[in-house]
Amino acid sequence: MKWLLRIVIAFSVSFVITMAMVVAGFIMAMFSTMDAGVRKFGLFGAIFFEAHEQPSGATAMEIGVADGTPIAIIFGIGFLFCLAVTVMLEKLKLRKKQLLQTQ
Amino acid sequence: MRLESIVLLFRLFWTFILRRVLGRGLLASRTMRIAGTLVVIIGFAGFNVLSYTMMRQYLGGTDLFEPILAIANISVGFWVLIAYTLIRVLFMKADELLKLTFNLPATNKERTLAFALFEASVVAVMTVFVFGAFSISTVLLEGPAFITKILVSIWLPVASVYLLLSLAYYLLERGLFMMRLARLRGLLVPMVLALGLSALFPYTNEQTAVIAESFIDGRDYRSPLLVYSMLDKNVGLWLAFLVFVAASMAIVAGIVAAAPRAYVPLRRFIILLPSKIARWRLGAYTLVLFRSFETLVAVIFVFAFSLFAWMQHIVLPPYVLALITFQGVYAYVNSEPLRRISTLHVSAWTHYLSIVGSQVILWVTIAVPVVAGSLAQGIEISACLPVAGFCLSNILISTLIGIAFPPEKGNPFTVLVGAVLAIIVILTIALGLNVFNLEPAMSAVVYSFLNILVVTYSILGMQRMERIRRHEVAS
């Protein structure tokens, strides 16, 4: 049960971090180009952004995922990191409690 | 009236907020406090970048900023009134916070004014957060010359309109005192504000069209609402500022004079539904929800808006139903006494199901007539289904906010902090998932999964708070 809880927390924190990175990568890709018809990649090539000039003169945006691997890797690293932090934090708390008790 | 006691009470409110908000629920742990601060800072930065990119994309290099500022200036009244209605409803709920000061040697007037000052400071913090991004990105795009333009066309009008609305509110409260209706002000004040909104909406729309027209024709647009920007343009910034200071001082003097001398407690409940249903747990929770005064206010708002939309021929899916679901923020705290009186131990699951179940009952009760009205307006039933999904998920999320950030004594600050954090996280997830271009069925699956996570967290939070209350674990 304890491990399930830790995994659920690490999963959601890492999910939010990944989503924030995806959004940041997307905005950066959008930033870096203003020319129509150029495909820009962001977040280590995971996301692409392309602006098309439509016949009517308007600009249409196309966004999407070009390669899911970097996103999966970011998610995995975030997950493991959160899990490690929770475990460490709990161990440290336990140690503090022990030290206080022996006093 | 002594100024120092007003300042003292004002500080008391903030001390209460800082100690209670930073000491309860999720924010009790220091890790969560640091994480929350980080989320707010990163969210604000992201908000800035997003608004900068959007504005550069659409407006960069055009001279459309001037008319857009004029439109923003004209609609300030409308937006501030919407925000004021929200703030008013939240602060009316905070009546118990005011009761904290009852054993202190202060007059009712000082109490009211200190509360007004506290309210203004909370509003100022929130306004900086919301309008800050727009202002910063405009200045970044158009150069520092725009600082004064934004000042005279957004910030100063916002402050003046807010002060005027406060004055109007105190005058209204005085009027209600005289008519002996002050106990019902929790219902009457939001209704008056809603009436104001419905009157201002067509005016703002019309003026926006006039501004657009006069910009295309190259004419100058004049309106008494643009007084600060016109003074700035024709005479100079100093005069605009001088007029602002003079007007503010006059209005504040008016507020001091109009603040009521007597205190009348608010009516908090309304007797609806037979008490017999309290025999079941779900029935008791339903009674708590149905009988609370805020529910009545929210329901009246929903019906008033539906009627307004019907008369103005605004054809929209019934998204207004979401208004009731925000009640969920108070659902946990309002039903706290129920959990205290249960003699036998019942799992957090059961309590959670009752909390959510009662809200679903309320929602369905209101949704039936409103959706029927929408269908009569010619909206497809398939357009109403996403609304139902949205509202149900909103109930779950707002209940989670209420559990993670319990608004003790109905203090509005916790609610606002919780809402801001939740909005940042939800927007990030929604934007991120948007990049993936998922199929509708797939995104339904993802969102259902996220809702299950929300439910899990709510139940875990309730279990933890219950254990803290029984001193089984340290908070």
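This one's a predicted model, so the numbers in the text were calculated from it and none came from an experiment.

Visitor: What's the story with the overall build of chain A in this structure? I'm lost.
Guide: Across its full length, chain A holds two helices and three strands. Put simply, chain A runs from its N terminus to its C terminus through helices and strands in the order α-β-β-β-α. Taken along the three principal axes of its C-alpha coordinates, chain A extends 75 × 25 × 20 Å. Of all intrachain contacts in chain A linking residues separated by at least 6 positions in sequence, the fraction that spans at least 24 positions is 37%. As presented, chain A carries roughly 6,600 Å² of accessible surface, and 70% of it is formed by carbon and sulfur atoms. Between the mean site of the 9 positive side-chain charges and the mean site of the 6 negative ones, chain A shows a separation of 32 Å.

Visitor: Which parts of the structure should I look at to understand the overall build of chain B?
Guide: Helix and strand counts for chain B come out as 18 helices and zero strands. What you see for chain B is a C-alpha radius of gyration of 24 Å, in line with the 23 Å of a compact globule of 475 residues. Judged by the C-alpha coordinates and their principal axes, chain B covers about 75 × 65 × 50 Å. In chain B, buried positions account for 45% of the 475 residues. Across chain B, the fraction of contacts at a sequence separation of at least 24, relative to all contacts at a separation of at least 6, is 79%. Counting only carbon and sulfur atoms, one obtains 72% of the accessible surface of chain B, whose full area is about 24,300 Å².

Visitor: Would you mind going over the UniProt feature "transmembrane region" (unreviewed entry) in chain A with me for this structure?
Guide: Residues and elements named next belong to chain A. Within this numbering scheme, the UniProt entry marks residues 7-31 and 71-89 as carrying the feature "transmembrane region" (unreviewed entry). Secondary structure within residues 7-31 divides into 100% helix and 0% strand; the distance between the first and last C-alpha atoms comes to 35 Å. Between the end C-alpha atoms of residues 71-89 the distance is 27 Å, and the span holds 100% helix and 0% strand.

Visitor: Can you walk me through the environment of B:Cys391 in this structure?
Guide: Residues and elements named next belong to chain B. Along the chain, the position of Cys391 falls in helix H16 (residues 381-404). Along the chain, Cys391 and Val210 lie 181 residues apart, while their C-alpha atoms are 36 Å from each other. In contact with Cys391, other than residues within four places in its own chain, are Leu321, Ala322, Thr325 and Trp363.

Visitor: I keep staring at the interface of chain A and chain B and nothing clicks. Help me out?
Guide: Reports of interface size often rely on the accessible area that becomes lost once the parts have come together. Facing the 22 residues of chain A at the interface are 22 residues of chain B. A buried area of about 2,000 Å², summed over both sides, lies between chain A and chain B, and 84% of it is on carbon and sulfur atoms. There are zero salt bridges connecting chain A and chain B. Summed over the shared surface of chain A and chain B, the number is two residue pairs in polar contact (both at pLDDT 80 or more). Of all the secondary-structure elements, those providing two or more residues to the side of chain A that touches chain B are helix H1 (2-32), strand S3 (59-65) and helix H2 (69-102) of chain A. When its residues are assigned to classes, the side of chain A that touches chain B shows 20 nonpolar, two polar and no charged.

Visitor: Help me understand unusual backbone geometry, please; the structure alone is not making it clear to me.
Guide: Residue and element names in this part refer to chain B. At Arg180, a residue that is not glycine, the phi angle is positive and equals roughly 60°. Although it is not a glycine, Leu273 adopts a positive phi angle of roughly 60°. Secondary-structure assignment places Leu273 in the loop between helix H9 (237-258) and helix H10 (281-291). A relative accessible area of 38% means that Leu273 is categorised as partly exposed.

Visitor: How do you make sense of the pairing of strand S1 (residues 39-42) of chain A when you look at a structure like this?
Guide: Residues in a regular strand project their side chains so that they alternate between the two faces of the sheet. Residue and element names in this part refer to chain A. Looking at chain direction, S1 and strand S2 (residues 47-53) are connected through four bridges and run antiparallel. For Gly42, the partnering residue across the bridge sits in S2 and is Ile47. Linking S1 to S2, which pair antiparallel, is a turn of four residues; within it Leu43 sits at a positive phi near 55°.

Visitor: For this particular structure, what's the right way to read the state of the cysteines?
Guide: Covalent bonding between the sulfur atoms of two cysteines defines a disulfide. Residue and element names in this part refer to chain B. Taken as a whole and judged by the stated rule, the model has zero disulfides over all chains. This cysteine, Cys391, is not joined by any disulfide, and Cys384 carries the nearest cysteine sulfur, 11 Å off. Judged by its relative accessible area of 0%, Cys391 is buried.

Visitor: Quick question: what am I supposed to make of the side chain of B:Ser398 here?
Guide: Note on placement: B:Ser398 falls in helix H16. Beyond its immediate stretch of four places on either side in the chain, B:Ser398 contacts B:Thr325, B:Phe326, B:Gly328 and B:Val329.

Visitor: Whenever I open this one, the nonpolar core confuses me. Can you help?
Guide: In globular proteins that are soluble, nonpolar side chains generally tend to be buried together. Formed by 102 residues in total, the largest nonpolar core has its most connected members in B:Phe115, B:Phe118, B:Leu321, B:Tyr352 and B:Ile366. Looking at this core, you find at least three residues from each of domain 1 (1-267) and domain 2 (268-404 + 436-475) of chain B. Setting aside residues up to four positions removed in sequence, B:Ile366 forms contacts with B:Val299, B:Val302, B:Phe303, B:Leu321 and B:Ile324. Residues A:Val22, A:Phe26, A:Ala46 and A:Phe49 belong to the second largest nonpolar core, which totals 14 residues.

Rules used in this analysis
- Residues numbered from 1 in each chain as written.
- Chains lettered and ligands numbered in written order.
- Predicted model: local features only at pLDDT ≥ 70, side-chain atom pairs only at ≥ 80, totals over all residues.
- Heavy atoms only, no water.
- Helix = DSSP H or I, 4+ residues; strand = E, 2+ residues; numbered from the N terminus.
- Contact = heavy atoms within 4.5 Å.
- Areas by Shrake-Rupley, 256 points an atom, 1.4 Å probe, with all protein chains shown as cover.
- Lys, Arg positive; Asp, Glu negative; His and termini not counted.
- Charge placed at Lys NZ, Arg CZ, Asp CG, Glu CD.
- Rg over C-alpha atoms; globule rule 2.2 N^0.38 Å.
- Buried < 20%, exposed > 50% of the residue type's maximum accessible area, 1.4 Å probe, protein only.
- UniProt positions renumbered as here; feature names shortened; annotations may be inferred.
- Buried area = accessible area lost by both parts, 1.4 Å probe.
- Salt bridge = Lys/Arg side-chain N within 4 Å of Asp/Glu carboxyl O.
- Polar contact = N/O pair within 3.5 Å; in protein donor to acceptor, adjacent residues only side chain to side chain.
- Nonpolar A, V, L, I, M, F, W, Y, C, P; charged D, E, K, R; others polar.
- Pairing = 2+ DSSP bridges.
- Disulfide = S-S within 2.5 Å.
- Core = buried A, V, L, I, M, F, W, Y, C linked by side-chain atoms within 4.5 Å.
- Domains from an automatic or database assignment.

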